[in-house]
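Single-letter residue listing:
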Amino acid sequence: MTKYRRASRAARVLLPGAVAVALLAGCAQGSGGAASAADSTSSAGASPTTGAPSAGSSGTVTPAPAGGPAPGTLLVGDFGSDTVTFVDPARGAIGSVKVGTAPYGLVVGTDGRAWVATAEGVAVVDTTTRQRLALIPYETDAGPVTTGEYRGGGMGIALAPDGRRVYVGVNVPGGNGTLEVIDTASLRVTDTVPVGRRPFDVDVSGDGSEVYATNHDSFDVTIVTAGTLEPRRVEVAPYGTEGGLGSWLKPHYTAVRPSDGKLLLPFEGERLAVVDPRTGRTTIEPMTANTHQHGATVTADGTLLAVGTGPIDPSEDRGPSLTVRTPGGAERVYPLEGPHESVAVSKDGRTAYVTGGFTRDGYWDGLSIVDLDTGDTRRLEAGSRPLGVVVL
């Protein structure tokens, strides 16, 4: 596969009867309407689509705990199966829930509901009872429901700060995607906004006034005003757009800096694109990991974490890693064993959880847990090609 690195490199709602997560391009259906009942049943500790009990890593039945998941429990989206998995960072998987084909991104609200972008629609999961409450099909025609790196359907997903709307980026293979807006009370798609190609990530400003769709295959971010749903395109291409769909040097994930609302997009462990959404201007800051980067998140104090998936050119680039970058620009790079995709941080900011479900070859079924104080890293088997991850 050609690597274009430039020489200058530095709603209808499906409800269970009981209640009627490619990434690089060169590297890689439904309509709104009345609710209809599904023919599945569910109970605490049971998969709501099959009625089968959920199992922990030992294969034993693990009922949903009274009062909800313990603080610090992880929820991962299993791109390799149709489930999300609850993970105890000390013990591994403690239960799974069927949600829909090839889950990609996920987000959890303060009410304990998780919103999961699948190829079929957005699944709504009660994290207290471990039940799928609904599946909201997309308004956008994303083609047949499939799996794999280039599948159509939901990718990035975000929740408005007030919890009233969910925004999901819908990939349309071979064309531009959309941003669909879901009302969290009615569980219906209320609006659809055109965005760029393959919206890997969706983020919301701190005040909820803007939504950002990061579009991998069109080298851009679509900035959407939440009140009017007016979109505008900002190109983000610190290496240029040479190579088009065959380029490896595209945006993947975005983090919104809390201090000023600017967008942080890491590229190749070499360049951090800092985008001012008000002006559309991009400034570039140097990075040090020298590895192809995907997942990104930022903590409340402005610390950026970026996942390095490994080299484009093994003769020049370094291996997989996790970069932790302070607000002042100092970086610490933690080596990882094998490619990873997304990252979440513990509530105390001392531990990072990095999913092993890379969308290309080299993925694995688990997470790396990184002690950010000591640098110690351990692998934990959990989930099936996990991509998205949140801390409950």
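Keep in mind that what you see is a predicted model, and the values were worked out from it rather than measured.

Asker: What is the right way to read the overall build of the protein from this model?
Answerer: Scanning the protein from terminus to terminus reveals zero helices and 30 strands. For the protein, the proportion of its 392 residues judged to be buried stands at 59%. Entry remark: accessible area of the protein is about 14,500 Å², with carbon and sulfur atoms responsible for 49%.

Asker: For this particular structure, what's the right way to read the sheet that holds strand β10 (residues 153-159)?
Answerer: Working definition: the strands of a sheet are paired by backbone hydrogen bonds and lie parallel or antiparallel to each other. Spatial ordering of the open sheet is given by β10-β11-β12-β13, a layout of four strands whose pairing is antiparallel. Of all the strands in the sheet, just β10 and β13 (188-194) have a single pairing partner and so form its edges. Recorded for the sheet is a direction-independent mean angle of 25 degrees between the axes of neighbouring strands. Pairing of strand β11 (residues 165-171) with strand β12 (residues 178-183), which is carried by six bridges, proceeds in the antiparallel orientation. The residue bridging G169 from the neighbouring strand is L179, located in β12.

Asker: Which parts of the structure should I look at to understand the sheet that holds strand β20 (residues 271-275)?
Answerer: Strand order in the open sheet formed by four strands is β18-β19-β20-β21, and the pairing between neighbours is antiparallel. The sheet is open, and its two borders are formed by β18 (255-256) and β21 (282-286), each paired with just one other strand. When β20 meets β21, the two strands line up antiparallel, connected through five bridges. Each bridged residue has a counterpart across the sheet, and for L272 the counterpart in β21 is E285.

Asker: Help me understand the packing of aromatic side chains in this model?
Answerer: Working definition: an aromatic ring pair is given by the centre-to-centre distance plus the angle between the planes. Under the counting rule described, the total for this entry stands at three aromatic pairs. The ring of Y239 has R271 lying over it, and the distance from NZ or CZ to the ring centre is 4.1 Å.

Asker: What should I look at first to understand the nonpolar core in this one?
Answerer: One broad rule of soluble globular proteins: the nonpolar side chains tend to lie buried together. By size, the foremost hydrophobic cluster in this structure holds 18 residues, and its most contacted members are W115, V122, V124, I136, I157, V168 and I182. Elements with a contribution of two residues or more to this core: β7 (113-117), β8 (121-126), β9 (131-137), β10 and β11. If sequence neighbours within four positions are ignored, V168 has contacts with A117, V122, Y138, G154, M155, G156, I157, T178, L179, E180, I182 and V202.

Asker: I'm lost on the environment of G92 in this one. Help?
Answerer: As for its placement among the helices and strands, G92 is situated in strand β5 (residues 92-98). Note on G92: relative accessible area 1%, which makes it buried. Sequence separation between G92 and A382 is 290 residues, and the spatial gap between their C-alpha atoms is 5.6 Å. In this structure, G92 is in contact with F86, V87, L380 and E381, ignoring residues within four places of it in sequence.

Asker: It is not clear to me how the pattern of salt bridges should be interpreted in this structure. Could you clarify?
Answerer: The full count for this structure, using the stated rule, is 13 salt bridges. The partner of R233 in a salt bridge is D220, with the nearest N and O atoms 2.5 Å apart. Of this pair, R233 sits in strand β17 (residues 231-235) while D220 sits in strand β16 (residues 220-225), placing them 13 residues apart in sequence. Several salt bridges converge on common partners, so that one network encompasses R198, D217 and K250.

Asker: When you look at unusual backbone geometry in this model, what are you seeing that I'm missing?
Answerer: Working note: non-glycine residues mostly have negative phi, and peptide bonds are mostly trans. Within the chain, A102 stands out as a residue other than glycine whose phi angle is a positive 50 degrees. Checked against the element boundaries, A102 lands in the loop between β5 and β6 (106-108). At L229, a residue that is not glycine, the phi angle is positive and equals roughly 60 degrees. In this fold, L229 is placed in the loop between β16 and β17.

Asker: Sorry, what's going on with the pairing of β8 here?
Answerer: Along β8, five of the six residues are buried, which leaves the element largely enclosed by surrounding structure. Examined bridge by bridge, β7 and β8 share five bridges and lie antiparallel to one another. Among the inter-strand pairings, A114 is bridged to a residue of β8, identified as V125.

Asker: How should the environment of T128 be read in this particular structure?
Answerer: Along the chain, T128 turns up in the loop between β8 and β9. According to the relative accessible area criterion, T128 is partly exposed, its value standing at 31%. Separated by 17 residues in sequence, T128 and D111 have C-alpha atoms that sit 9.6 Å apart. If sequence neighbours within four positions are ignored, T128 has contacts with A64, P65, G67, G68 and P69.

Asker: I would appreciate a short explanation of the side chain of T303 in the present structure.
Answerer: Mapping T303 onto the fold places it in the loop between β22 (292-298) and β23 (304-310). Under the relative-accessibility criterion, T303 is labelled buried at 13%. Side-chain polar atoms of T303 contact the side chain of D301, separated by 2.9 Å. When residues no more than four places from it in sequence are discounted, the contact partners of T303 are T297, V298, V324, R325 and P327.

Asker: How should I be thinking about the confidence of the model for the protein in this particular structure?
Answerer: The predicted structure's coordinates, where accompanied by low pLDDT, should not be read in detail. Looking at the protein, pLDDT values average 87 and 84% of them are 70 or higher. In this model, residues 1-12 is a region of pLDDT below 50 whose contacts with residues beyond four sequence positions or in other chains number 53 contacts. Counting contacts from residues 17-26, a segment whose pLDDT is below 50, to residues more than four positions away or on other chains yields 60 contacts.

What counts and what doesn't
- Residues numbered from 1 in each chain as written.
- Predicted model: local features only at pLDDT ≥ 70, side-chain atom pairs only at ≥ 80, totals over all residues.
- Heavy atoms only, no water.
- Helix = DSSP H or I, 4+ residues; strand = E, 2+ residues; numbered from the N terminus.
- Buried < 20%, exposed > 50% of the residue type's maximum accessible area, 1.4 Å probe, protein only.
- Areas by Shrake-Rupley, 256 points an atom, 1.4 Å probe, with all protein chains shown as cover.
- Pairing = 2+ DSSP bridges.
- Axes fitted to C-alpha atoms, helices over the stretch in contact; angles between N-to-C directions.
- Phe/Tyr/Trp six-rings, centres within 6.5 Å; stacked < 30°, edge-to-face > 60°.
- Lys NZ or Arg CZ within 6 Å of the ring centre and 35° of its normal.
- Core = buried A, V, L, I, M, F, W, Y, C linked by side-chain atoms within 4.5 Å.
- Contact = heavy atoms within 4.5 Å.
- Salt bridge = Lys/Arg side-chain N within 4 Å of Asp/Glu carboxyl O.
- Polar contact = N/O pair within 3.5 Å; in protein donor to acceptor, adjacent residues only side chain to side chain.
- pLDDT = per-residue confidence, 0-100.

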